[in-house]
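Residues per chain are reported as follows:
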Amino acid sequence: MKFLLTALTCLTLTGYLSAQDNTDSAVSKSVIRVNATIQSWNPSQPWDKSAPGKRRALGALLSGNRVLTTAEMAADASYIELENADSTRTLPAKVVAIDYETNLALLSPDNGDTEGFFQGLSPLSLGTPAKIGDQVDVWQLEDNGMPLVTQATIQSVDVVSSFAEGNFFLTYEAKGSMQSASSSFTLPVVRDGKLLGLLSSYNSKDQIIDIMTPEIISAFLADAEDGKYIGVPSLGIGVSSTVDPNFRNWLKLPDDVGGLYVTRIRNKSAAEAAGLKKGDVLVAINEHAIGRRGYYSHPNYGRVFWSHLVRGSHAVGETIQLTVLREGKEKQLTATLTRASKRLVPSLTYDQAPKFLVKGGFIFQELSATYLRAFGKEWQSSAPLNLLDVLSSPEDYEEGRNTLVFLSATIPTPATTGYERISNQIIGKINGQPIADIASLIKAFQQPGKDGLHTIEFDDGHPKTIYLDAATSDTIDAELLKRGIPRLSRQ
Amino acid sequence: MIKPIGLFGISLLSLSALAHLPLSAQEVNPLAPLPAAPAANQQDHQIYGSIVRIEAATQVPNYREPWKAGRFSGGIGTGFLIGPNRFLTNAHVVSNARRLLITKHGSPRKHPARIVHIAHDCDLALLEVDDPTAFVGLQTLQIGAVPKLESQVRVIGYPVGGNRISVTRGVVSRIDFNAYSHTRSDMHLVVQIDAAINPGNSGGPVLQNGHVVGVAFQGLRSADNTGYMIPTPVIRRFLKDIEDGQYDHYVDLGISEFPLFNPAMRKKFGLKQNDPGVLVARVTPEGPCDGVVKDNDILTAINGNTVDAAGNILIDGEKVNMNEIVERKFSGDTIKLDLIREGKVVQTQVTLKPFPQARMYSVQYGVKPRFTTFAGLVLQPLDRNLYAAHSFSNTRVRRLFAHYIDEAIFKERKDIVILTRILADPVNTHVSGHTGTAVESINGEKITSLQQAHELLHPETPPEFFVIKCEGLERPIVIPGDKAAEASRRTQSNYGINTSHKL
């Protein structure tokens with residue numbers, strides 16, 4: 001009896017090993033190492049880049065010599081390099097398409113021995129959506145190039161924000177015990193030999209793996225196909241749940257509907273164009289009834305958050321049907337989906353050099369969330385209050401502005417004597433002209449007053465108006481260039 | 001036995017900037033030799049008798065749960081006799097006091113005392129004992145002048161480490177306008193000495209040549225052997241202010257100035273290199289200068305004292321901030337101002353007046369926190385105490401606080417009413433994200449005071465719904481009118497709230 005048991009065990013083991021062999025060669029042929037040098041811009045000295053940092057991760061090889069990886073790997077990259085599994089070949093790469101919101105990036109070769117690099121490698125094709133309970137393989141590479149395959153089971157589906165804060169997309173959550181290996185980041189997840197998704201994060205405590213779904217990846221690849229990447233659509237609304245029975249009674253919501261209370265409509269958004277209004281209750285999108293907490297019934301996945309119906313299921317230009325209750329009456333609205341409208345304070349500024357002007361020692365910039373986040377972990381309390389207010393209530397500042405121009409800091413110079421402590425003040429006018437963005441600021445500074453002085457008017461702060469000697473500041477600008485500031489403006 | 005630190009609680013609390021030196025520090029520090037003759041010794045002994053130990057039992061209000069009685073605590077400070085049954089000390093020694101006891105040097109007897117006048121803005125208080133007979137015949141200390149830089153002074157008091165009187169010596173190292181930490185919002189003349197001032201020293205006299213030249217009141221945590229005293233101009237002002245039987249608070253000019261150092265700025269205003277004058281950057285709305293002085297005026301002289309480009313004037317050979325003129329004045333006094341407005345010389349005068357709205361920024365003592373409750377919601381008016389207790393993160397609330405005066409928000413809103421807490425109850429269980437925001441309206445009416453909010457929430461006949469809108473949040477809090485009263489009763493009993501409101 002004992003012998004039999006051992007024999008059985010051996011049999012199983014042999015079978016497992018051979019399957020493992022096949023997978024191993026597939027892993028080595030379809031997984032690409034991605035090495036990126038990341039460099040963001042210095043928020044306080046916008047002419048400088050910050051010190052470079054390295055990131056290493058994996059990508060999945062797709063047809064046409066393309067490599068799929070996360071946006072996190074390619075955002076703010078100064079240089080990207082592909083490397084094969086056993087580290088015998090490398091190839092410089094460029095970004096074909098990048099989506100910070102969904103956290104996806106598509107890379108392709110850039111000036112190198114493309115043919116040699118891809119020889120013997122085999123691209124993965126994209127698989128179909130999985131179901132809850134499906135087994136998947138997570139592919140990793142060890143330092144020595146040996147593949148490492150971890151099995152995981154998909155346990156649930158949710159919308160998750162993986163890179164750019166506040167952007168939630170359909171994600172599988174799978175359970176599996178991973179080990180750390182080199183480049184344990186953005187790992188391909190495979191089912192039945194096809195690419196199911198990319199691992200975006202792993203929680204080692206709960207052993208939960210977040211996997212970006214094929215729905216989101218295929219939409220990204222389809223968008224990138226023509227070489228002009230557009231991005232995911234946005235409806236442009238803020239909502240609140242309708243769980244509170246008192247709130248429901250006040251809204252006169254019948255018990256048999258769920259619905260989300262619309263609290264905000266962004267300027268120039270798809271929702272605004274569709275005629276959606278603050279105070280409407282959104283009860284269905286494309287006839288999918290939306291519950292009190294904002295979930296609808298997905299045929300495959302069960303309860304899924306409503307945002308997937310907009311951001312994960314449609315492309316820009318497509319229309320969706322909105323059913324709303326307005327003052328108790330049902331209304332049908334049609335929204336043509338667009339990209340999120342431009343914000344006064346942009347939240348995503350990856351790969352964008354900050355616009356600025358240095359004048360006589362004053363540093364002017366356009367406000368971005370990136371600038372505010374640079375105030376550290378506690379930025380929401382430590383960043384300047386006036387600028388935080390612009391971020392939280394942009395509608396109070398939008399009139400006449402494309403972006404918000406502010407005086408970020410003062411370099412002590414003969415022109416800025418007595419102004420050394422002025423920083424982070426919002427600009428209203430320069431030389432009498434209202435300032436809409438850095439371009440208009442630069443233009444306004446070209447016309448000093450007849451007395452040879454520039455007039456700088458702040459929106460806030462005391463004093464509200466200060467003066468800068470035009471001739472002195474021009475001399476100082478030339479001096480600053482000599483002292484090593486590479487440029488005085490960027491627009 | 002070393003007393004528990006709690007006994008010195010009040011001093012530690014108010015002297016937040018105080019150095020916590022080891023108890024032996026005073027023994028270790030070498031003292032400068034006493035230039036004292038035997039006669040002076042005798043005089044010293046008499047002086048010791050007039051320097052008393054003050055023991056305060058306090059009750060500190062709870063701004064997080066305002067219906068509670070607050071924390072019972074206490075502390076030790078020093079005071080001194082300046083007249084028949086008149087003891088001078090720091091306001092922070094006796095703030096929030098429920099019982100005060102005064103002990104004479106070398107005597108075991110504790111004399112019950114009470115506050116006659118208290119001035120939080122300059123951290124001074126005048127006390128009297130119920131029965132003055134034990135203090136009759138004691139020498140009263142005389143108030144002297146501002147000591148010169150580098151001159152030596154003695155600090156006498158009852159600091160940590162024992163029950164007996166303690167004497168330390170130091171040198172006057174700086175005379176400057178500086179913050180008074182008791183209210184966190186006031187600035188007056190301060191004299192810095194290089195003797196450590198420890199908890200318990202507070203309220204004690206600083207002496208030079210037998211005269212009081214200051215009241216020891218705060219230290220510095222970041223530097224060793226640095227103490228601060230309230231100089232005599234501030235003491236004299238306090239004593240003069242209370243002559244009419246009440247303390248009227250400091251008055252302020254109500255302008256903020258900006259130094260005119262920049263050449264372009266000087267050119268714009270037609271000022272030559274050595275011309276006097278500081279820029280008026282902002283006139284406080286409804287302050288004494290509102291309507292008289294304008295933004296962008298150049299202030300060249302105040303009561304005939306030339307104001308330089310940095311906003312300083314020369315008094316008694318010392319350069320001091322121009323506000324020193326106003327510091328010594330009282331409500332109703334007039335101040336002459338020389339201005340340059342759009343290139344023309346203007347002479348004007350302003351009448352100083354109290355500006356109570358500015359107390360939004362001062363820590364309040366001896367008052368019960370105001371609040372109201374409704375169906376588990378706790379509403380409180382915004383002020384420094386509330387802000388410190390809750391450390392608000394909501395940008396709108398922080399903005400309302402920061403600009404309450406300079407954007408004249410006070411004109412419309414007597415109180416900024418904050419929803420500080422929601423005590424969970426079936427009627428409010430699904431309300432979330434509203435705590436820590438300002439209440440904008442109740443049933444469509446804009447909220448301008450706690451009283452008004454309270455009245456709107458407690459009408460004779462309740463509306464169908466109470467709809468409470470908070471600033472920055474579109475989704476209102478809705479409480480059904482027929483369930484509100486029951487919910488209020490329920491939350492009060494569940495959470496042990498014995499007082500539903502204090503308006």
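Residues numbered from 1 in each chain as written. Chains lettered and ligands numbered in written order. Predicted model: local features only at pLDDT ≥ 70, side-chain atom pairs only at ≥ 80, totals over all residues. Heavy atoms only, no water.

A few words now on the overall build of chain A. Tallying secondary structure elements over chain A gives 12 helices and 28 strands in all. For the C-alpha atoms alone, the extent of chain A along its principal axes is close to 105 × 65 × 40 Å. Counting over 491 residues, chain A shows a buried share of 52%. Positive and negative side-chain charges of chain A, numbering 47 and 54 respectively, have mean locations separated by a distance of 3 Å. (Helix = DSSP H or I, 4+ residues; strand = E, 2+ residues; numbered from the N terminus. Buried < 20%, exposed > 50% of the residue type's maximum accessible area, 1.4 Å probe, protein only. Lys, Arg positive; Asp, Glu negative; His and termini not counted. Charge placed at Lys NZ, Arg CZ, Asp CG, Glu CD.)

Within chain B, the regular secondary structure consists of 12 helices and 28 strands. Against the globule reference of 23 Å for 503 residues, chain B gives a C-alpha radius of gyration of 26 Å, in line with a compact fold. Here the C-alpha coordinates of chain B stretch approximately 85 × 70 × 40 Å along the principal axes. Looking at the 503 residues of chain B, the share that counts as buried comes to 54%. Across chain B, the fraction of contacts at a sequence separation of at least 24, relative to all contacts at a separation of at least 6, is 64%. Accessible surface, chain B as shown: approximately 22100 Å² in total, 50% of it carbon and sulfur. Mean positive and mean negative side-chain charge positions of chain B (53 and 48 charges, respectively) differ by 3 Å. (Rg over C-alpha atoms; globule rule 2.2 N^0.38 Å. Contact = heavy atoms within 4.5 Å. Areas by Shrake-Rupley, 256 points an atom, 1.4 Å probe, with all protein chains shown as cover.)

The next thing to look at is the nonpolar core. In this structure, L68, L235, I237, L276, I285, W306 and L322 of chain A are the most contacted members of the largest nonpolar core, which totals 64 residues. Among the elements that make up this core, the one with the highest residue count is helix α4 (residues 214–224) of chain A (5 residues). Filtering out sequence-adjacent residues up to four positions away, L68 of chain A remains in contact with G59, A60, L62, L104, A105, L106, L195, L198, I217, F220 and L221 of chain A. Core analysis: the second largest hydrophobic core is formed by 42 residues, F356 and I476 of chain A together with A264 and L279 of chain B among them. (Core = buried A, V, L, I, M, F, W, Y, C linked by side-chain atoms within 4.5 Å.)

A few words on the pattern of salt bridges. Residue and element names in this part refer to chain B. Throughout the structure, instances matching the rule amount to 33 salt bridges over all chains. Taking the shortest distance from any N to any O, the salt bridge between R237 and D241 comes out at 3.3 Å. Placement of both R237 and D241 in helix α5 (residues 232–241) is noted, with a separation of 4 residues, approximately one turn of the helix. With relative accessibility at 3%, the residue D241 sits in the buried group. In this structure, D295 and R282 form a salt bridge, with 4.0 Å as the shortest nitrogen-oxygen distance. With D295 in the loop between β14 (278–283) and β15 (298–302) and R282 in strand β14, this pair connects stretches of sequence that are 13 residues apart. Here D295 falls in the partly exposed class, since its relative accessible area comes to 36%. Judged by its relative accessible area of 19%, R282 falls in the buried class. Among the ionic contacts, a cluster of salt bridges with common partners joins R53, E55, R99 and K110. (Salt bridge = Lys/Arg side-chain N within 4 Å of Asp/Glu carboxyl O.)

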